[in-house]
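Survey of secondary and tertiary structure
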Amino acid sequence: FFSMSNRARLEEMPMLRAYSTTARAPGSHGGLGSVSYWARPFGILLPLLLLGTGLLMTAVLSFGDAQRTRWQPDTLLVAGVLPTRPLQDAGHIASKANAHRPTSAMTVPKGTPSQALRARQGTAGSTTQAQVPGAPGPGQPSQAPYPLRALPSHGWRLVERLKWVLAAVLLLFAARCGTGRRMPVLQHGRAAIAGSEWVAMMATSAEVNAPGDTQEQPLQSAHDTIAAIATAVAAGAGSVAIVRVSGPRALSIGQKMFKPAGTRQKWESHRVLYGHVLKSATGEVLDEALLLFMQAPRSFTAEDVVEFHCHGGLVVVQQVLLEALSCGARLASPGEFTQRAFLNGRLDLTQAEALADIISARSAQGVQLALSGLDGGLGKAISNMRSALLDQLAEMEARIDFEEECPPLDGQAVCAALVDVRTQLEAMIADAAGGQLLRDGLRVAIIGPPNVGKSSLLNLLSKAERAIVTDVPGTTRDLVESELVIKGVPVTLIDTAGIRDTDDIVEAMGIVRSREALAAADVVVQVFDLQKGWQPEDEKLAANIPNGVPSVKVGNKMDLNAGAAESMKYADVTMSAVTGQGLGELESALLTACGATENIGVKANLNRRQLELAQRAIDSINQVLLTAQDDLPWDFWCIDTRAAILTLGEITGEEITEATLDRIFSKFCIGK
Ligand SMILES: Nc1nc2c(ncn2[C@@H]2O[C@H](COP(=O)(O)OP(=O)(O)OP(=O)(O)O)[C@@H](O)[C@H]2O)c(=O)[nH]1
Ligand SMILES: [Mg+2]
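Now for a look at the structure at hand. Each residue is numbered by its place in its chain's sequence as written, counting from 1. All chains are assigned letters beginning with A, and all ligands numbers beginning with 1, in the order in which they are written. Note on the predicted model: pLDDT of at least 70 is required for a residue's local features to be given, and 80 or more for side-chain atom pairs to be given and counted; whole-chain, interface and lining totals, by contrast, use all residues. Calculation of side-chain values draws on the structure's entire complement of heavy atoms; hydrogens and water are dropped beforehand.

Only DSSP runs of H or I reaching four residues or more are called helices, and only runs of E reaching two or more are called strands; each is numbered from the N terminus. Scanning the protein chain from N- to C-terminus turns up 20 helices and 22 strands. Working rule for contacts: check all heavy atoms of both residues, and any pair within 4.5 Å makes them a contact. Counting only contacts in the protein chain whose residues sit at least 6 apart along the sequence, the fraction spanning at least 24 positions is 68%. Per-residue and other accessible areas were derived by the Shrake-Rupley procedure at a 1.4 Å probe size, with only the shown protein chains allowed to occlude residues. Accessible surface, the protein chain as shown: approximately 32,200 Å² in total, 57% of it carbon and sulfur.

So, on to the sheet that holds strand 18 (residues 480–486). Strand order in the open sheet made by the six strands is 18-19-17-20-21-22, with mixed pairing throughout. The open sheet has two free edges, formed respectively by strand 18 and strand 22 (573–574), since each of these has just one partner strand. As defined by bridge partners, strand 17 (residues 442–447) adjoins strand 19 (residues 489–495) across five bridges and the pair is classed as parallel. By the bridge assignment, Ala-445 is partnered in strand 19 with Ile-494. On the sheet, helix 17 (residues 583–593) packs against strand 17, strand 18, strand 19, strand 20 (523–529), strand 21 (551–556) and strand 22 and is oriented at approximately 165 degrees with respect to strand 21. DSSP bridges decide pairing: two strands pair if at least two such bridges lie between them. Note on geometry: axes are C-alpha line fits, over the in-contact stretch for helices, and angles between N-to-C directions span 0 to 180 degrees.

Before going further, it helps to spend a moment on the environment of Gly-373. Mapped onto the secondary structure, Gly-373 falls in helix 10 (residues 364–374). Buried residues are those whose accessible area, probed at 1.4 Å on protein chains only, stays under 20% of the maximum for their type, while exposed residues exceed 50% and partly exposed ones sit between those limits. A residue is classified by how much of its surface remains accessible, and Gly-373, at 10% relative accessible area, is buried. Put simply, Gly-373 and Ala-352 are 21 residues apart on the chain and 9.0 Å apart in space, counted from C-alpha to C-alpha. If we ignore the near neighbours within four places in the chain, the residues touching Gly-373 are Thr-350, Gln-351 and Ala-354.

With that settled, consider the coordination of the magnesium ion (ligand 2). Counted as coordinating are nitrogen, oxygen and sulfur atoms within 2.8 Å of the metal, or 3.2 Å for Na, K and Ca, while water is not included, which may make sites look incomplete. Binding of the magnesium ion (ligand 2) to the protein goes through Ser-455 (OG) and Thr-476 (OG1), at separations of 2.0 Å. Linking Ser-455 in helix 13 (residues 454–462) with Thr-476 in the loop between helix 13 and strand 18, this pair joins segments that are 21 residues apart in sequence. By relative accessible area, which is 9% here, Ser-455 ends up buried.

We now examine the site of ligand 1. One heavy atom within 4 Å of a molecule or strand makes the whole residue count as near it. Close contacts around ligand 1 come from 23 residues, with Lys-454, Ser-455, Ser-456, Gly-474 and Asp-559 the closest. Here a polar contact is taken to be a pair of N or O atoms separated by no more than 3.5 Å, where protein atoms must pair a possible hydrogen donor with a possible acceptor and residues adjacent in sequence count only if both atoms sit in side chains. The separation between an oxygen atom of ligand 1 and a polar side-chain atom of Lys-454 is 2.8 Å. Ala-577 is positioned with one of its backbone polar atoms (N or O) 2.9 Å from an oxygen atom of ligand 1. The element contributing the most residues to the shell around ligand 1 is helix 13, with three residues.

So, on to unusual backbone geometry. A cis amide bond, omega 0 degrees, links Ala-296 with the succeeding residue Pro-297. At His-270, a residue that is not glycine, the phi angle is positive and equals roughly 55 degrees. Its relative accessible area of 6% is what places His-270 among the buried residues. The phi dihedral of Lys-463 falls on the positive side, at around 50 degrees, and the residue is not glycine.

So, on to the sheet that holds strand 10 (residues 226–229). Strand order in the open sheet formed by seven strands is 12-13-14-15-11-10-16, with mixed pairing between adjacent strands. In this open sheet, the two edge strands, each paired with only one partner strand, are strand 12 (258–260) and strand 16 (330–331). Summarising the sheet, strand 10 and strand 16 pair through two bridges and their orientation is parallel. Bridging across to strand 16, Ala-227 finds its partner in Leu-331. On the sheet, helix 6 (residues 250–257) packs against strand 11 (240–246), strand 12, strand 13 (271–278), strand 14 (285–294) and strand 15 (305–311) and is oriented at approximately 35 degrees with respect to strand 15. Strands strand 10, strand 11 and strand 16 of the sheet are contacted by helix 8 (residues 336–343), whose axis makes an angle of about 135 degrees with strand 10.

For an α-helix the count is 3.6 residues per turn, leaving residues at separations of three or four pointing the same way. Within helix 10, burial applies to Gly-366, Val-367, Leu-369, Ala-370, Gly-373 and Leu-374. The buried side chains of helix 10 occupy one side of the element, clustering within an arc of 160 degrees when seen end-on. Where helix 10 ends, the next residue or the one after it, Gly-376, has phi of about 80 degrees, a positive value. Arc, as used here, means the arc of the directions from the helix axis to the C-beta atoms.

Below, the discussion takes up the side chain of His-309. One can find His-309 in strand 15. Using a relative accessible area of 9% as the deciding quantity, one classes His-309 as buried. A polar side-chain atom of His-309 sits 3.1 Å from a polar atom in the side chain of Glu-307.

What follows deals with the environment of Gly-275. Summarising the element assignment, Gly-275 is placed in strand 13. Judged by relative accessible area, which is 0%, Gly-275 ranks as buried. Separated by 14 residues in sequence, Gly-275 and Ala-289 place their C-alpha atoms 5.7 Å apart. What Gly-275 contacts, discounting residues up to four positions off in sequence, is Phe-258, Lys-259, Pro-260, Ala-261, Asp-287, Glu-288 and Ala-289.

Here it is, written out as structure tokens:
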């Protein structure tokens, strides 16, 4: 699966007995990630089995056919019996039939067997009275018994009619499984078969190649051909890396530097070729690779795209990229592939931003949330609001320009339409709170006096020995961070130095950092020692937590505390960082403290930029409503309505300046 290059997502797939083949480096996002697995688990057995079944069915059905062709006069017919177990079941019918053997003219049925049978029963069907040659004449005694034949049942006859179709389908399928060839490789999120690997491609995007990589770059001409490494680049971390080339010259560049093995592989769109990447100048082999060509417009960028799936690691993929550049491609700027997809109408801006969110998501729920933005639902909803406002604006402008010709406009109705849009926007903003949490996660600072068990708590929560734990007060000197996911919410835990007055210069610097972490945290976990009880220094620390920052007070070392009931009342959660008792309560308390419910509904959500614009649109609408209250002329209404329309257009990208676009896409990673 070439899926989003996202750790959470790649690691979700172990049930396929798959392995991630691309680099998975936190903080170094690539555009694509890939997971491979063997698609022919039964080797050649499955095709053989299918082939066998096909042949068997053909044989059985031919037998049925043979039965039917023996339909002839002087034969007794029994209906509703499978031809494979023909006559035994009908033995008694045979004896009765022969006992009442006709002595005069026989009925020779015409038409289908079932019509014939009905004719025999005298219910339907066309029959003719005829003297059958060899049949006993009137008054003659019965001769040898008539042979008895079974008529196939209705269902069986249907199967019989379709048998060649069935056989053809089975044989074709067997042949395809056997060769694994000519299977289409579908782009964009759908499974496809390429030789022995199942391949699913998700067009994706990323935040930045590495934190701090973000630089603003101007939009470049969309008429040249660009190339970049699409997977995360981390030394030795992945076994497959992808170089993506997009633009009018993609195919010619691909043909120049890639030599398919053998002579039978054709350069067709959406087909995987196996071969070698060569240095075009010298013919030197750079890598053994797969090449995937996707012809415009059926590609992520809606341009011709060629992807080289090379071996992972740093060197090979860089060499392949360099070769593509020397063949005439230009190194893509951050987000340029996605930008081309947007400019070519493949995505609206909300979808492009959802792609970036997928790659930067830190939990499975975060991915779900971002994925829900990919379907364009958000863009459509905003577009509808915008056109509702445009309708009102048109009415108002008509009143300004052609006041005499137009019927009077009802200000109340205009206000109602505006309020409707405002309500929808407000609902979206309310939804965004949960989404924000899933997208951005929480920074949780663990603070407290020395030796209360802060580092032990960090280790317990992150299920790893991240921080040093000793019984010496003042063990932790620097901030220790650990990333984890609590009930779908990505959390960055920060262990801090115990806060106390000290002469130790290193410890004092650590304590300054503790206070900074405290000030920057979304949630504070204040730990105190239940054995010692709630001390004045704990009280002082609690007073230092900034207003409005939720905090959870944790009474630790519960396992040592037998009867200090009076200090328990200061604790929101009592627990033991050594035994793990009370851990569940702490996790719930953390989420509750910051307003997250147990199950955050995953809906299409606004990111920060969109949230800001939605808020601005609401402000403009409110301004129009104020204008309405003051009974000002239509010109004044129009000004703010126009502003609201413009702002909503910026969310979907319908009205956006080149500079804003550049700013958005420059936050993507190179190769996306
Ligand atoms: N019995 C018991 N001991 C604990 C518990 N939590 C921590 N400890 C012990 O308390 C001592 C201090 O633990 P740390 O996690 O290093 O405490 P800290 O708050 O990080 O200390 P500083 O880094 O010095 O600020 C260690 O010996 C831990 O084993 C607990 O719940 N029960
Ligand atoms: Mg510590």
